[in-house]
Amino acid sequence: MSSLDNITSEAIQCLAFIDCMSRRNDYSVWPTLWVGTSLGSILVISIKLPVAGDARKSEPVLVSPSGTIFRLKGSILAMSFLDCNGILIPGSNEPWKDESREQKAKTPTKSLSAGQSPTQSVDSGNTDRQFAVLVSEKQSRVVALPSQTCIYKQQLCESAFVVKANVTTIKDAVCLVCYMSNGHLTIYSLPSLKLLIDVDFVPLSDLRIAKTFCLSSFGHGMYLCSPSEMQKFTISADFCQIMDSMLGELYLETEMPEKPKEGFFTGLFGGGVRNLDREELFGESTSGKGAKSVAKVIPGPGSTQMDHLGMRASTIGGEIAKTRMMLVERGDKLGQLEDRTGKMMSDAENFSSTAHQLMLKYKDKKWYQL
């Protein structure tokens, strides 16, 4: 059953633009479009571009099926191409520039090889010059071009299926990286398709992982582990070794300046509360000892001591008399305050009684009798 018979249920899964030998045993390099479908079919469409110049703008681009078709088991996930040395061939492209804004340019824009001529002849020598790496949900094939011979074939999984696949370059070597539905991450060499690594990576617990999982060059990859978080990973050991030097910092480390010395008046008036110890106040050597500059009381004759004690006794007696007088004044003020409080209570009772009598007097009267 062809893809045209299943047109109602077949859908395009991936596209690849490449300059390759699309026809069997034809060593002419044509711009082509490779179309991978959900039923495992790969269609090769030839594109004929006009010659660069004015004809490129006026003449149409001719698109026609090349007659080449490949079939794999499962939906097509990735298509990549290698040259005869096993180096990954990048996709064909031609930059577009607005010539109205570049009128001052002295030389016209040069197009890439895809637009210089519709075909390019290659000195073949009756040997295959390119390799097409075709990956589906179940298997992968390496097809030699232009003979279209399948030189390597690998069954990627039995019970599970491949979620994402991509051909990447690690340490100047090209390999195939596949993320399986059982959470495993497998790596195959190219073009021999030998299994290099099979590790348990992350379980496919959420459909978000399958939709956002992507692989890029040099063994990098990422996926959304939550609606607001992105997880990045790598399968390259060289990248892991320089990971610490590539991490960003939220702030720049700077040395704190030295604390300025406090002046005498700053410590005396504006320094606030500080905790001081005995060593800081008196020093280690003189801690707990009197300083030499502090005056000491030298006892004198007996009469002098009696006079000193008498002066102290008279001073204490005056302080006691003063305190007693203040207590008496306080008692008088408290008595006056008590009398005022009693008077206020009696006035309040009189006012309450008068208001009650007035209410009883006008209780049963109408407003017009007032």
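Every chain's residues receive numbers from 1 upward, in the order its sequence appears when written. This being a predicted model, a pLDDT of at least 70 is required before a residue's local features are given, and a value of 80 or more before pairs of side-chain atoms are given or counted; all residues contribute to the totals for chains, interfaces and linings. Note that the side-chain values use all heavy atoms of the structure and ignore hydrogens as well as water.

A.B. asks: Describe in detail the nonpolar core, supporting the description with residues and values.
C.D. replies: Note that soluble globular proteins tend to have their nonpolar side chains buried in a common cluster. The nonpolar core is taken to be a set of buried Ala, Val, Leu, Ile, Met, Phe, Trp, Tyr and Cys residues, with the residues joined through side-chain atoms within 4.5 Å. Partly exposed residues are those whose accessible area sits between 20% and 50% of the maximum for their type, while under 20% is buried and over 50% is exposed, using a 1.4 Å probe and protein chains only. Among the nonpolar cores identified, the biggest contains 19 residues, and Val133, Val135, Leu156, Val162, Leu176, Cys178 and Leu190 are the most heavily contacted of them. Here a strand is any run of E in DSSP of at least two residues, a helix any run of H or I of at least four, and the numbering for each starts at the N terminus. Looking at this core, the elements with two or more residues in it are strand 5 (76–83), strand 7 (130–136), strand 8 (139–145), strand 10 (162–170) and strand 11 (173–180). Contact between two residues is taken to exist if any of their heavy atoms lie within 4.5 Å; hydrogens are not considered. Among all residues touching Val133, those that are not within four sequence positions of it are Ala78, Met79, Ser80, Leu82, Ser140, Arg141, Val142, Val167 and Leu190. Membership of the second largest hydrophobic core comes to 16 residues, among which are Cys20, Trp34, Met79 and Ala132.

A.B. asks: Could you give an account of the sheet that holds strand 10, with specific residues and numbers?
C.D. replies: Any two strands with at least two DSSP-identified bridges between them are counted as paired. Taken in spatial order, the four strands of this open sheet run 10-11-12-13, and their pairing is antiparallel. Strand pairing shows two members of the sheet lacking a second neighbour, strand 10 and strand 13 (195–200), which therefore form its edges. Geometrically, the sheet is characterised by an average inter-axis angle of 15 degrees between neighbouring strands, direction not taken into account. As paired elements, strand 10 and strand 11 share eight bridges and run antiparallel to each other. Note that in strand 11 the partner of Thr168 across the bridge is Cys175. Helix axes are fitted to C-alpha atoms over the stretch in contact, other axes to C-alpha atoms as well, and angles between N-to-C directions run from 0 to 180 degrees.

A.B. asks: Explain the sheet that holds strand 5 residue by residue, including any values.
C.D. replies: Read across the open sheet, the four strands follow the order 5-7-8-9; overall the sheet is antiparallel. Looking at strand neighbours, the two that pair on one side only are strand 5 and strand 9 (149–155), the edges of this open sheet. Across this sheet, the average inter-strand angle for adjacent strands is 15 degrees, counted without regard to direction.

A.B. asks: Tell me what's going on with the pairing of strand 11, and back it up with residues and numbers.
C.D. replies: Counted residue by residue, strand 11 has seven buried out of eight residues, so it is predominantly covered. Between strand 10 and the antiparallel strand that follows it, strand 11, lie two residues; Lys171 among them carries a positive phi value of about 55 degrees. Examined bridge by bridge, strand 11 and strand 12 (residues 184–189) share five bridges and lie antiparallel to one another. By the bridge assignment, Tyr179 is partnered in strand 12 with Leu185.

Function-wise, these values are silent; they only describe arrangement.
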